[in-house]
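Here are the chains, one letter per residue:
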There are 2 protein chains.
Amino acid sequence: MSQVDNAALSAHLSHVLIVMVNTTLPANIGSALRAMKTMGLSKLVLVAPKTYPHPDIDALAAGATDLIEQIEIVDTLEQAIQDCHLVFGTSARSRTIPWPLLDVRPAAEKAMQAVTASHQEIAVIFGREDRGLTNEELALANYHVTIPVNSDYGVLNVAQAIQIICYEMRMAAMARVEQQPDPKATMQVLDGIEMEWDEPLVTHAQMEQFYPHIEKMLAEIEFMDPKNPRLLPLRLRRLFGRIQLDRMEYHLLRGIFSRVQALNNGSWKKSSTTSTQDEDQDNA
Amino acid sequence: MSQVDNAALSAHLSHVLIVMVNTTLPANIGSALRAMKTMGLSKLVLVAPKTYPHPDIDALAAGATDLIEQIEIVDTLEQAIQDCHLVFGTSARSRTIPWPLLDVRPAAEKAMQAVTASHQEIAVIFGREDRGLTNEELALANYHVTIPVNSDYGVLNVAQAIQIICYEMRMAAMARVEQQPDPKATMQVLDGIEMEWDEPLVTHAQMEQFYPHIEKMLAEIEFMDPKNPRLLPLRLRRLFGRIQLDRMEYHLLRGIFSRVQALNNGSWKKSSTTSTQDEDQDNA
């Protein structure tokens, strides 16, 4: 491991986005940048930071000023992760229904497998200093990730957590550094298995059109009460977030939702059936 | 590894079902039993064997006669695997659309993880001597499994393939023999991750009610042409087979299909909405 191909290592780690949500202390942003730089990560996105810019950021990012220039500031978490395929939310544990939950090491291995085998873009989301991520924010993640800590001793602060996750990302990247990303665009990682696939996986942004679509359809056929949906939207997110849909499956399902909506509002006529059928089947 | 808890080992391996479809030569059944016994497996199911019983079976099963008495004979592959949670089909490669495909070692590790972490029942399906499994039979599997062979040298016969898969199952079981099956009924393995879960996974038999239901619904709303469905049913099987639905998700989706059908044939009236809503949400 002493002799490492740093170019390949940086290439792998460049697929990992660190996202900090509503950070209060500029010092934590600076410390995060330093933690990232020590491990070879470079992309930080700040979602509506409380204070930015601020001299403390530059002070604590000592030697990582090049990363400061690359910082991206966005208004919403959705904007931050829209181009990612695999999203990890840092959390002690989901407070509603159990979510696919990984310790930091297997999470980093899963991330680097996705990067090296199928060029996926990864995001790791960190919450507020005082109360972490909301359940709504956690529901945007495919997986939740935890860092094993001595519960008698308390929890890590956000900068420490970023340090450990960046470290495990680097370790996982080093283990795969001999492995060049697979040129075959049809290679995918599903269920942790690297395999030949006939379709690319969809991005988070596409899934954020998928969930409102299925929920709207379910509301229209009164299967779900939009004023009181209970756990239904969350269960749908956990279900389809677990699968990682490919493009064909995505269009197939959305085509079905649209057909049900058209059926429900009476706009669908048999004459339109054939075309829809063809449209969905031509790709199949 | 020299000192192994054989009781625990047998307990793990007792969750693995070997299924042989339309076997022609009784000698292969006898050899399969012997291969199984040498590795500590005991459950063989024969789907419509060409010749049974036959003295060659007893001859080649020498010393495995106790397993002969446990052989189960069924008419269809569906009957053989109905109580299983995780089904592997042995195949060179899917001939239609790519299916989740594993080499025998990771497949055995996945199987033993499912057994030790969440008491899942496993089936490994082997095809005919001359032409293996049909695409229809392969589509019943969650995963396809291959044995790496020297392609210049040709393929293994069915008894050799069973020998190698039983061997890898034993190796994987030994690696987990210290691990007693988790008593928590809420523990599940999803995406290869062992995690807390709030619902048990559904069985193959339940999924065999799921697929006809979604296909019937899609035919009724004319999204799929039952006379010419093309790859749609296969894509649906690959999609939902990949997820391993839990019980709640299963009832949720089937509830949606039923609502769409009722909407389509006009039998659904708003008065019935609330009850359906409650029924699905009470569990949620």
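Everything below is about the structure printed above this text.
This is a predicted model, so every value here is computed, not measured.

Conventions and cut-offs
Residues numbered from 1 in each chain as written. Chains lettered and ligands numbered in written order. Predicted model: local features only at pLDDT ≥ 70, side-chain atom pairs only at ≥ 80, totals over all residues. Heavy atoms only, no water. Helix = DSSP H or I, 4+ residues; strand = E, 2+ residues; numbered from the N terminus. Expected span 1.5 Å × (residues − 1). Buried < 20%, exposed > 50% of the residue type's maximum accessible area, 1.4 Å probe, protein only. Polar contact = N/O pair within 3.5 Å; in protein donor to acceptor, adjacent residues only side chain to side chain. Pairing = 2+ DSSP bridges. Axes fitted to C-alpha atoms, helices over the stretch in contact; angles between N-to-C directions. Contact = heavy atoms within 4.5 Å. Parallel < 35°, antiparallel > 145°, perpendicular 65-115°, else oblique. Left-handed = near helix turned anticlockwise from the far one by under 90°. Nonpolar A, V, L, I, M, F, W, Y, C, P; charged D, E, K, R; others polar. Salt bridge = Lys/Arg side-chain N within 4 Å of Asp/Glu carboxyl O.

Asks: Would you mind going over helix α11 (residues 247–264) of chain A with me for this structure?
Replies: Spacing of three or four residues puts side chains on the same side of an α-helix, whose turn is 3.6 residues. All names here are of chain A. Look at α11: 26 Å from first C-alpha to last across 18 residues, which is about the 26 Å you get at 1.5 Å a residue. Of all 18 residues that make up α11, 13 are buried, and the element is covered over most of its length. Its side-chain oxygen placed 3.0 Å from the backbone nitrogen of methionine 248, aspartate 246 serves as the N-cap of α11. Immediately downstream of α11, the backbone of glycine 266 shows phi near 75 degrees, a positive value.

Asks: Please clarify how the sheet that holds strand β7 (residues 143–146) of chain B should be interpreted in this entry.
Replies: Within a sheet, adjacent strands bond to each other through the backbone by hydrogen bonds, running parallel or antiparallel. All names here are of chain B. An order of β3-β2-β1-β6-β4-β7-β5 is seen for the 7 strands of this open sheet, with the pairing classed as parallel. Edge positions in the sheet fall to β3 (72–74) and β5 (101–103), since each of these pairs with one other strand and no more. Each neighbouring strand pair of the sheet contributes to a mean axis angle of 30 degrees, computed without reference to strand direction. Sheet analysis places strand β1 (residues 16–21) next to strand β6 (residues 122–126), joined by 5 bridges and oriented parallel. When the bridges of β6 are listed, leucine 17 appears paired with alanine 123. Packed on one face of the sheet, helix α6 (residues 104–118) meets β1, β4 (86–90), β5, β6 and β7 and runs near 100 degrees to β5. Packed onto the sheet, helix α8 (residues 158–175) meets β1, β4, β6 and β7 and runs at close to 160 degrees relative to β6.

Asks: How should I be thinking about the side chain of threonine 90 of chain A in this particular structure?
Replies: Residue and element names in this part refer to chain A. Topologically, threonine 90 is positioned in strand β4 (residues 86–90). Relative accessible area serves as the criterion here: at 18%, threonine 90 is assigned to the buried category. In this structure the side chain of threonine 90 is engaged in a polar contact, spanning 2.6 Å, whose partner is the backbone oxygen of isoleucine 125.

Asks: How should I be thinking about the packing of α6 of chain B against α8 of chain B in this particular structure?
Replies: Packed helix pairs are specified by the crossing angle of their axes together with the interaxial distance, meaning the distance between the axes. All names here are of chain B. Where α6 meets α8, the closest approach of the two axes is 8 Å, and the angle between their N-to-C directions is 50 degrees. In terms of orientation, α6 lies oblique with respect to α8. The element α6 and its partner α8 pack so that their crossing is right-handed. Contacts between α6 and α8 involve Val104, Arg105, Ala108, Glu109, Ala111 and Met112 from the former and Ile164, Ile165, Glu168, Met169, Ala172 and Ala173 from the latter. Tallied by class, the residues present in the contact of α6 with α8 amount to 9 nonpolar, no polar and 3 charged.

Asks: Help me understand the packing of α11 of chain A against helix α10 (residues 232–243) of chain B in this model?
Replies: The N-to-C vectors of α11 of chain A and α10 of chain B enclose an angle of 105 degrees; their axes lie 11 Å apart at closest approach. With respect to their mutual orientation, α11 of chain A and α10 of chain B come out roughly perpendicular. Contact residues: Met248, Glu249, Leu252 and Leu253 of chain A in α11 of chain A; Leu232, Arg235, Leu236, Arg238, Leu239 and Arg242 of chain B in α10 of chain B. Residues that form the contact of α11 of chain A with α10 of chain B fall into these classes: 6 nonpolar, no polar and 4 charged.

Asks: Would you mind going over unusual backbone geometry with me for this structure?
Replies: Glycine aside, residues mostly have negative phi angles, and peptide bonds mostly take the trans form. All names here are of chain A. At the junction of tyrosine 52 and proline 53, the peptide bond is cis and its omega measures out at -5 degrees in the coordinates. Examined against the element boundaries, proline 53 turns out to sit in the loop between β2 (43–47) and α3 (55–60). Even without glycine at this site, asparagine 22 takes up a positive phi of about 50 degrees. Position of asparagine 22 relative to the elements: it lies in the loop between β1 (16–21) and α2 (26–39).

Asks: It is not clear to me how helix α9 (residues 204–220) of chain B should be interpreted in this structure. Could you clarify?
Replies: In this model, α9 of chain B (17 residues) spans 24 Å end to end at C-alpha, consistent with the 24 Å of a helix rising 1.5 Å per residue. Every buried residue of α9 of chain B is accounted for by His204, Met207, Glu208, Phe210, Tyr211, His213, Ile214, Met217 and Leu218 of chain B. Those residues of α9 of chain B that are buried lie in contact with α11 of chain A together with α5 (77–81), β4, α10 and α11 (247–264) of chain B. Immediately downstream of α9 of chain B, the backbone of glutamate 222 of chain B shows phi near 55 degrees, a positive value.

Asks: Help me out: how do you make sense of the pattern of salt bridges in this one?
Replies: One side chain can pair with another of opposite charge once the charged atoms of both are near each other. Residues and elements named next belong to chain B. The final tally for this structure, using the stated rule, is 22 salt bridges over all chains. Across the pair arginine 247 and glutamate 199 runs a salt bridge whose closest N-O atoms are separated by 3.0 Å. Within this pair, whereas arginine 247 is found in helix α11, its partner glutamate 199 is found in the loop between β9 (193–196) and α9, the two being separated by 48 residues in sequence. Using a relative accessible area of 9% as the deciding quantity, one classes glutamate 199 as buried.

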